[in-house]
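Structure at a glance
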Amino acid sequence: MSPHPDLFNELRVVTAGGELDVTTAPAFARDLEDARHGSGRLFLIVDLLGVTFMDGSVLDPLCAAWEDCHERLGWVRVVHNGPGASLVFLAGGLRERFPRYASAQDAWNGIPAERAAADPAS
């Protein structure tokens, strides 16, 4: 049993795949909005491991989700592995807001990929 079983009702995961660009960003934004329905604290993991291409059109919906979750005393954590997403966050000045997590489990545990790589025992 988890030490915080009530948190799982506050955790939502949005998974995206394929290309995230100006043509698919509206659907991605709707998925993020749907995940944030209701009220109360919210923790949101955005899993981009299946994304093959990403451009800056996803930054506005991600920032809106980040602001909403932070207002609700939660967080947004992004899982990705390709250099494309890192470059988009870097170009948008958002690498600190959206550090890379290697897996949803690491995101849940708050272990950014850089820290996990530096400390393989964690």
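Conventions and cut-offs
- Residues numbered from 1 in each chain as written.
- Predicted model: local features only at pLDDT ≥ 70, side-chain atom pairs only at ≥ 80, totals over all residues.
- Heavy atoms only, no water.
- Core = buried A, V, L, I, M, F, W, Y, C linked by side-chain atoms within 4.5 Å.
- Buried < 20%, exposed > 50% of the residue type's maximum accessible area, 1.4 Å probe, protein only.
- Helix = DSSP H or I, 4+ residues; strand = E, 2+ residues; numbered from the N terminus.
- Pairing = 2+ DSSP bridges.

1. As for the nonpolar core
If you look at the biggest cluster of nonpolar residues, it comprises 25 residues, and the most contacted ones within it are F28, L44, V46, L48, M54, L62 and F89. For this core, the elements supplying multiple residues, two or more each, are β1 (11–20), α1 (25–35), β2 (43–54), α2 (59–71), β3 (75–79) and α3 (83–91). One finds L11, V79, Y101 and A107 within the second-largest nonpolar core, a separate group that totals 7 residues.

2. Quick notes on the sheet that holds β3
What the 4 strands build is an open sheet, ordered β1-β2-β3-β4; its pairing is parallel. Every interior strand has two partners, whereas the edge strands, β1 and β4 (100–101), have only one. Taken together, the 2 bridges between β3 and β4 define a ladder with parallel strand orientation. Within β4, the position partnered with V78 by the bridge is R100.

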